[in-house]
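Examination of the molecular architecture
Letter by letter, the chains look like this.
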Amino acid sequence: MNMITSTIYKQPLLSGIAFTAFLSAVGFLAAQLPGVSQIGPLAAAILLAVLYRHYFGYPEQMKSGIQFAAKKLLRLAIILFGLRLNMNVIVNEGLPLLWKSVLVIIFAVGLMVLGAKMFKADLSLMTLLGIGTGICGASAIAAVSPIIHAKEEDTAVSAGIISIVGTLFAIGFTVIRPLLPLDADAYGMWAGLSLHEIANVALAGEPAGTEGLGMAFLAKLARVFLLVPVSLLLLWVMKIRSKGENQGSITFPWFLIGFIMMSLFGSYVEGTYMTIPDPVMNSLLTFTSFLLTMSMVGLGLSVSLRDVRDRALKPTLILVFVSILLAFFTYWIF
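Residues numbered from 1 in each chain as written. Predicted model: local features only at pLDDT ≥ 70, side-chain atom pairs only at ≥ 80, totals over all residues. Heavy atoms only, no water.

1. Focus: the overall build of the protein
Scanning the protein for helices and strands turns up 16 helices and zero strands. Against the globule reference of 20 Å for 334 residues, the protein gives a C-alpha radius of gyration of 20 Å, in line with a compact fold. C-alpha atoms of the protein, sized along the principal axes, occupy 60 × 50 × 45 Å. Out of the 334 residues in the protein, the part that is buried amounts to 49%. Long-range pairs, those at least 24 residues apart, make up 79% of the contacts in the protein between residues at least 6 apart in sequence. When the accessible surface of the protein is summed, it comes to about 16,000 Å², and 69% of that surface belongs to carbon and sulfur atoms. Considering the protein, the positive charge centre built from 21 side chains and the negative charge centre built from 16 side chains are found 11 Å apart. (Helix = DSSP H or I, 4+ residues; strand = E, 2+ residues; numbered from the N terminus. Rg over C-alpha atoms; globule rule 2.2 N^0.38 Å. Buried < 20%, exposed > 50% of the residue type's maximum accessible area, 1.4 Å probe, protein only. Contact = heavy atoms within 4.5 Å. Areas by Shrake-Rupley, 256 points an atom, 1.4 Å probe, with all protein chains shown as cover. Lys, Arg positive; Asp, Glu negative; His and termini not counted. Charge placed at Lys NZ, Arg CZ, Asp CG, Glu CD.)

2. Notes on the packing of aromatic side chains
For the structure shown, the criterion picks out nine aromatic pairs. Taking the centre distance of 4.3 Å and the plane angle of 5° together, the rings of phenylalanine 107 and phenylalanine 329 count as stacked. Of this pair, phenylalanine 107 sits in helix H6 (residues 95-119) while phenylalanine 329 sits in helix H16 (residues 305-333); the two residues are 222 residues apart in sequence, bridging distant segments of the chain. Residue phenylalanine 107 is classed as partly exposed on the basis of its relative accessible area of 22%. The exposure class of phenylalanine 329 is buried, given its relative accessible area of 16%. Here the aromatic cluster, defined as three or more aromatic residues joined through ring pairs, consists of Phe173, Tyr187, Trp190 and Tyr331. Over the face of the ring belonging to tyrosine 187 we find arginine 177, whose NZ or CZ atom lies 5.4 Å from the ring centre. (Phe/Tyr/Trp six-rings, centres within 6.5 Å; stacked < 30°, edge-to-face > 60°. Lys NZ or Arg CZ within 6 Å of the ring centre and 35° of its normal.)

3. Quick word on the side chain of aspartate 154
Along the chain, aspartate 154 falls in helix H9 (residues 152-176). Here aspartate 154 is in contact with Asp122, Ser124, Leu125, Leu128 and Arg311, once residues within four sequence places are set aside.

4. Considerations on the nonpolar core
By size, the foremost hydrophobic cluster in this structure holds 86 residues, and its most contacted members are Ile135, Phe173, Leu195, Phe259 and Met296. The biggest single contributor to this core is H9, with nine residues. In contact with leucine 195, not counting residues within four places along its chain, are Gly166, Phe169, Ala170, Phe173, Asn200, Val201, Ala204, Lys220 and Arg223. Grouped together as the second largest cluster of nonpolar side chains are nine residues, Leu23, Ala49, Tyr58 and Leu301 included. (Core = buried A, V, L, I, M, F, W, Y, C linked by side-chain atoms within 4.5 Å.)

5. Some thoughts on the environment of aspartate 183
Among the structural elements, aspartate 183 can be located in the loop between H9 and helix H10 (184-194). Along the backbone, aspartate 183 and alanine 70 are 113 residues apart, and their C-alpha atoms lie at a distance of 42 Å. Only 2.8 Å separates the side chain of aspartate 183 from the backbone nitrogen of alanine 186, close enough to count as a polar contact. (Polar contact = N/O pair within 3.5 Å; in protein donor to acceptor, adjacent residues only side chain to side chain.)

Have a look at this one:
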């Protein structure tokens, strides 16, 4: 065992990957604790990574492995994340939701960018937070970060902020649900159109029962469905900007092709031409979440609390305000 441990430690790639896996595992375990369970393993793991960097510094000897987790594993996680999207359900039952989802994305991104300009907040963070709010939280942030050339620090900070704020809003939804004049289906639809993460939607939709939770997931999946077109739109915008500002070439995010392929597989192949047993599928989805958490740990280790303390305050406050407005907006349009 000592020989294996020594070998891993001497290999920067292996040791870095193992280290991000370790912090991710600790995050998953911490998420089982009362209180911490509400913010989820991803936010817990990012917080652990940021605290490690703050107190012990960046582990330079494991840099190549940490970078591998932050970049390569991130793209693999996004590809596997496509399994969560059932295109068939959206096409057959949720087309009207797509238009509402478009409005949600425009509303969220537009207000976040406007807030950045009005209050002189960090535009990169605000853009990422707007996309995460409009689509699917940290997963959307992770997907678009390579396209807009966001700093690793910005990606990790925005993912952590949106995970925590989204969880607080999900809890708030469950608290006010008995006070609302909404049946289970209507409440689920509202939660699915409003909340940031899929996990947030699950948390808020569960008290509405099976039908309410199903409507919540349907509304959320309609927003996830728009991740690829939004990413391609951002790619086009960045290409235009690069020509005008000489920022260099823009690389096509090929991992989005993998995302689409996995979505098509999960929507039209799995369950029709072949069936993956539920335990296997659930394990694969858990593995996907773990990979995403590992990549976020890799990004979180690049975050310096001293550097972002002032930068993150305004975006967080604006995110809370925009999330409140989004809740009212979606309540009005659904």
